[in-house]
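Analysis of the macromolecular model
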Amino acid sequence: MDIRLSPSLLVWLRSFDAAARHGSFTKAAAELCITQGAVSQQVKQLEDWLRRPLFLRTPRALVPTPEGKWLAVVLREGFDAIESTLAQMRQPPEAAIATLSCSPSFAMSWLTPRLGDFFRQHPHTGLRVFGEFHTLDRTRMVQGGIEAAVRFDLGGYRDLSATVFLDEWLIPVASPEFLARHPGITTPEDLPGEWLLHDSSAWDGADPYEEWQRWFSQRGAAPPPWAGGQQFNLSQLALGAALAGQGIAMGRAALVLQDVKAGRLVPLLGHSVASRAAYSFVTTPHPGPAMQLVREWLLEEAQRFCAERAQVLAAPPV
């Protein structure tokens, strides 16, 4: 006998498979996105074609006949094999690539160590990060092909969409070796200018001594003469000098927390001070889906970081 799998027969078999697995025409219909009546009719057409019943229809459930059980097992094995082969043969979707401009120190110390989590959550979204900290406006972003950026600054973006996702705490930090050589630091007045390490470009346009000035001001202390302290154009470089025992850097919590937890850097003189700047996620008004995912992920990561930060560092006074 020549049995060919015609389109009609394939449809009937698919409906029978779903009904046999669920024991219900209604649940099979929900899976196949057709009506309950359509599933019932297609199974009936299969039974008529086979000239034998496949289900005993009871008020509470469908009960397969012995022939129905046999056919259900054969169909499920066949469909499983087909679906498995198709899954192996099908090309995966190309990853959407999101390009993110990011403040270099933040990218190195905070963002990149966390990217593994982003890629686990969004395996089909690529993220390209490049470090820069110049001021952004809409024209520059469009001309430079910048989809989104993370900036540490005072905000005030007029023609862009900016979301502050993380505030910043400032606290002086030094290596245990430096503190062993210079014991007795108990007040801000114990900090001579030549010990201080400066990020002279905290953000584009910031005063060269912005963060140390902010800290002394909030502590109600007069700063020492700045002459003699080493100058760097990245916070990460100033922190590197502190790790090497060359002086005391003004630590941003986002950049120093892991070093503090590991004991490589020691926070000095009690409470942190709130920075005037914060981290913003900056985009043109209508970012693509990939950048929307990055924004949501940054907000979630920032919440987790803030909880961790509060356990390790003393918060700024309210």
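Our subject is the structure listed above.
Keep in mind the model is a prediction, meaning the values are calculated, not measured.

A few words now on the environment of Gly-270. With respect to the element layout, Gly-270 can be found in the loop between strand 11 (266–267) and strand 12 (273–274). For Gly-270, a relative accessible area of 49% gives the class partly exposed. Each C-alpha atom, one on Gly-270 and one on Leu-9, is 78 Å from the other, the two residues being 261 residues apart in sequence.

The next thing to look at is the side chain of Glu-168. Here Glu-168 is to be found in the loop between strand 6 (161–166) and strand 7 (169–174). Here Glu-168 is buried and forms no salt bridge, its nearest opposite-charge partner Arg-309 lying at an N-O distance of 4.4 Å. Of the polar contacts made by the side chain of Glu-168, one reaches the backbone nitrogen of Ala-254; its length is 3.3 Å. With sequence-adjacent residues up to four places away left out, Glu-168 is seen in contact with Phe-152, Arg-252, Ala-253, Ala-254, Val-273, Ala-274, Ser-275, Ala-277, Tyr-279 and Arg-309.

Below, the discussion takes up a nonpolar patch on the surface. Taken together, Ile-3, Trp-49 and Leu-50 make up a surface patch of nonpolar side chains, about 260 Å² in accessible area. Turning to its location among the elements, Ile-3 is positioned in the segment before helix 1 (7–22). Relative accessible area serves as the criterion here: at 45%, Ile-3 is assigned to the partly exposed category.

Let us now look at helix 12 (residues 289–312). In this model, helix 12 (24 residues) spans 35 Å end to end at C-alpha, consistent with the 34 Å of a helix rising 1.5 Å per residue. Looking only at helix 12, the buried set comprises Ala-290, Met-291, Val-294, Trp-297, Leu-298, Glu-301, Ala-302, Phe-305, Glu-308 and Arg-309.

A covalent bond between the sulfur atoms of two cysteines is what we call a disulfide. Following the criterion strictly, the structure yields zero disulfides and no others. There is no disulfide at Cys-102, and the cysteine sulfur nearest it, in Cys-306, is 16 Å away. Residue class for Cys-102 comes out buried when judged on its relative accessible area of 0%.

Moving on to helix 4 (residues 66–89). The periodicity of an α-helix, 3.6 residues per turn, causes residues three or four places apart in sequence to face the same way. For helix 4, spanning 24 residues, the distance from its first C-alpha to its last is 35 Å, which sits close to the expected 34 Å at 1.5 Å a residue. All buried positions along helix 4 are accounted for by Gly-68, Ala-72, Leu-75 and Phe-79. Where helix 4 is buried, its residues meet helix 1 and strand 2 (62–64).

Applying the stated criterion to the full structure yields 20 salt bridges. Among the salt bridges present, the one from Arg-252 reaches Asp-199, with a minimum N-O distance of 2.7 Å. In this pair, Arg-252 sits in strand 10 (residues 248–252) while Asp-199 sits in strand 8 (residues 196–199), placing the two residues 53 residues apart along the sequence. Accessibility classification places Arg-252 together with Asp-199 in one group, the buried group. Among the salt bridges present, the one from Asp-259 reaches Arg-264, with a minimum N-O distance of 2.6 Å. Using a relative accessible area of 15% as the deciding quantity, one classes Asp-259 as buried. Three or more residues joined by partner-sharing salt bridges are found here, namely Arg-14, Asp-17, Arg-21, Glu-31, Arg-76, Asp-80 and Glu-83.

Cut-offs used in this document
What you see as residue numbers is a count from 1 along each chain, following the sequence as written. Selection of residues for local features in this predicted model requires a pLDDT of at least 70, selection of side-chain atom pairs for listing and counting requires 80 or more, and totals for whole chains, interfaces and linings are taken over all residues. Working from all heavy atoms in the structure, the side-chain values ignore hydrogens and water. Secondary structure counts use DSSP, requiring at least four H or I residues in a row for a helix and at least two E residues in a row for a strand, with both numbered from the N terminus. Each residue's exposure class comes from its accessible area (1.4 Å probe, protein chains only) as a fraction of the maximum for that residue type: buried when under 20%, exposed when over 50%, partly exposed otherwise. We score Asp and Glu as negative and Lys and Arg as positive, and we do not count His or the chain ends. Here, a salt bridge means any Lys or Arg side-chain nitrogen found within 4 Å of an Asp or Glu carboxyl oxygen. Polar contacts, as counted here, are pairs of nitrogen or oxygen atoms within 3.5 Å of one another; within protein the pair requires one atom able to donate a hydrogen and one able to accept it, and residues that are adjacent in sequence qualify only if both atoms are side-chain atoms. Two residues qualify as a contact provided that any one of their heavy atoms is within 4.5 Å of a heavy atom in the partner residue. Each patch is built from residues lacking any salt bridge and having more than 30% relative accessible area; the joining distance is 9 Å for like charges and 5 Å for nonpolar side chains (Val, Leu, Ile, Met, Phe, Trp, Tyr). Reported accessibility uses the Shrake-Rupley method at a 1.4 Å probe radius. Residues are deemed covered only where the shown protein chains occlude them. For a helix, the expected span equals 1.5 Å multiplied by the number of residues minus one. Criterion for a disulfide: a pair of cysteine sulfur atoms at a distance within 2.5 Å.

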